[in-house]
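Below, each chain spelled out in residue letters.
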Amino acid sequence: MSGESAEVRVRRVDERLGLAVQRVGLAPVTLVTYARDHVAVRTPSRPDFRDGNTLDLTEPPGPEQLERYVERFRESVGSLGARHVQLRWETPLRPDAPLVVPEPGPGLAVAAAELGLTLHPVTVLLLGQLRPVPEPDAQLVPISPPGGTAGGAVDRRWYAATVLYRYEAGDTPDDWRGIDQGFVDWSVEQQRALALADRCQVWIGLRHGTPVARLTITHDRQGLASVEDVVTHPVHRRIGIASALTHRAVAAHLEVYPGSRVGLGAVPASEAERLYRRLGFVPHATVWSAFAADATSVSGRTPGDGER
């Protein structure tokens, strides 16, 4: 070895795992490409799919870099029809991180605001040791994706489970009026394709024979799984169904795929994050998104302005 010094960087084995957890459940029609400083996620058939059209940065950006990445988004993702802008990156959390809402660096917050972007944090947690929970007053079962028999029992359960998605928007019919049912139907069809490919399992909680809770667990065939879409009907909350359903689904997944890393995302300092921590999930990273619903409202150069 020569006497010349070489810069050595020590990298965590699970670095950027927070963003990877966010991408596990992407639709089969989503394209993911890797570059030196970012991962481009594109869904040409649904340019309105926010998390299916995003630029995931391999390092947190400096305030002076945001405008350049906005332009990169426009070139690589926006060129396929996305009308929004979304950049994501992650910052590490200690496993014993307190239950608080994180604050972005002041310089980054100012730069984002000047560009017309809003910053949103999500806490990504990874399973440590799965902790036992009390048995709920509900039957917890996996369901298969609908098959070729229209109107069969599986079809009815699948449909009833998808109806629960409305409660992600709120608890009343007024909250549901803004739901894009076309997008929900498309998402369910993509989930069905993942399930048929043995990459997704939907679980439901039944009371009196009726689905009152649901969740989805997806995996990438490479040892990483993600828990998503945990929804409980408001009348049946706070009796332990969500905890037990998450525990049962994760335990069942680990029986089939021992050694898998299991992660999930939660609104920071929310009741959901408290629930997941009690189950044995520990903080791993904050995933930040810089988002604007209308790309034309974001300042900075547009494709065709200046040199590339």
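That block above? That's the structure.
No experiment lies behind these values; they were computed from the predicted model shown. (Residues numbered from 1 in each chain as written. Predicted model: local features only at pLDDT ≥ 70, side-chain atom pairs only at ≥ 80, totals over all residues. Heavy atoms only, no water.)

To continue, consider the overall build of the protein chain. Within the protein chain one finds eight helices and eleven strands. The burial tally for the protein chain puts 46% of its 308 residues in the buried class. Contacts in the protein chain between residues at least 24 apart in sequence constitute 69% of all its contacts with a sequence separation of at least 6. (Helix = DSSP H or I, 4+ residues; strand = E, 2+ residues; numbered from the N terminus. Buried < 20%, exposed > 50% of the residue type's maximum accessible area, 1.4 Å probe, protein only. Contact = heavy atoms within 4.5 Å.)

The relative placement of two packed helices is expressed as an angle between their axes plus a distance between the axes. Following both chains from N to C, one finds helix 7 (residues 241–256) and helix 8 (residues 271–279) inclined at 50 degrees, their axes separated by 10 Å at the closest point. In terms of axis orientation, helix 7 runs oblique to helix 8. Handedness of the crossing formed by helix 7 with helix 8: right-handed. Seen from helix 7, the contacting residues are Ala242, Ser243, Thr246 and His247; seen from helix 8, they are Leu275, Tyr276 and Leu279. Broken down by class, the residue content of the contact of helix 7 with helix 8 amounts to four nonpolar, three polar and no charged. (Axes fitted to C-alpha atoms, helices over the stretch in contact; angles between N-to-C directions. Parallel < 35°, antiparallel > 145°, perpendicular 65-115°, else oblique. Left-handed = near helix turned anticlockwise from the far one by under 90°. Nonpolar A, V, L, I, M, F, W, Y, C, P; charged D, E, K, R; others polar.)

The subject of this paragraph is the pattern of salt bridges. Enumeration according to the criterion identifies 15 salt bridges in this entry. The shortest N-O distance in the salt bridge between Arg72 and Asp37 comes to 3.4 Å. With a gap of 35 residues between them, Arg72 in helix 2 (residues 66–76) and Asp37 in the loop between strand 1 (31–34) and strand 2 (38–42) connect regions that are remote in the sequence. The class for Arg72 is partly exposed, based on a relative accessible area of 23%. By relative accessible area, which is 10% here, Asp37 ends up buried. Across the pair Glu189 and Arg192 runs a salt bridge whose closest N-O atoms are separated by 3.5 Å. Of the two residues, Glu189 and Arg192 are both situated in helix 6 (residues 181–196); the distance of three residues between them amounts to about one turn of the helix. Salt bridges sharing common partners tie together Arg23, Asp51, Asp56 and Arg88. (Salt bridge = Lys/Arg side-chain N within 4 Å of Asp/Glu carboxyl O.)

Time to look at the packing of aromatic side chains. This structure, assessed with the given rule, holds five aromatic pairs. Here Phe49 and Phe183 contribute two aromatic rings whose centre-to-centre distance is 5.6 Å and whose plane-to-plane angle is 55 degrees, an arrangement assigned as tilted. Of the two residues, Phe49 is situated in the loop between strand 2 and strand 3 (54–57) and Phe183 in helix 6; the sequence distance between them amounts to 134 residues. Arranged with centres 5.3 Å apart and planes meeting at 90 degrees, the rings of Tyr167 and Trp176 form a pair that is edge-to-face. Just as Tyr167 is buried, Trp176 falls in that class too. Ring pairing ties together the aromatic residues Phe49, Phe183 and Trp186, which thus form one cluster. Its guanidinium or amino end placed over the ring of Tyr69, Arg68 lies 4.7 Å from that ring's centre, counting from NZ or CZ. If you follow Arg166 out to its NZ or CZ, it ends over the ring of Trp176, 4.6 Å from the centre. (Phe/Tyr/Trp six-rings, centres within 6.5 Å; stacked < 30°, edge-to-face > 60°. Lys NZ or Arg CZ within 6 Å of the ring centre and 35° of its normal.)

With that settled, the discussion passes to the pairing of strand 4 (residues 85–92). Within strand 4, six of the eight residues are buried, which leaves it mostly tucked inside the rest of the structure. Pairing analysis gives two bridges linking strand 3 to strand 4, with the strands arranged parallel. Considered in strand 4, the bridge of Asp56 is made with Arg88. The handedness of the strand 3 to strand 4 crossover, carried by helix 2, is right-handed. (Pairing = 2+ DSSP bridges. Right-handed = clockwise from strand over helix to strand, strands pointing away.)

Locating Gln86 in the fold gives a position in strand 4. By relative accessible area, Gln86 is classed as buried at 0%. The spacing of Gln86 and Ser289 is 203 residues in sequence and 6.4 Å in space, taken between C-alpha atoms. What Gln86 contacts, discounting residues up to four positions off in sequence, is Arg50, Asp51, Asn53, Thr54, Leu55, Phe73, Ser289, Ala290 and Phe291.

With that settled, the discussion passes to the sheet that holds strand 11 (residues 281–292). In space, the eleven strands of this open sheet follow the order 1-2-3-4-11-5-10-9-8-7-6, with mixed pairing throughout. On the outer flanks of this sheet lie strand 1 and strand 6 (139–143), each paired with one strand and no other. The sheet shows a mean angle of 25 degrees between the axes of neighbouring strands, taken without regard to direction. The strands touched by helix 7 are strand 5 (118–127), strand 6, strand 7 (200–207), strand 8 (210–219), strand 9 (224–232), strand 10 (261–266) and strand 11; relative to strand 8, the strand with the most contacts, the crossing angle is about 40 degrees.

Without other data, these values stay purely geometric and don't point to any function.
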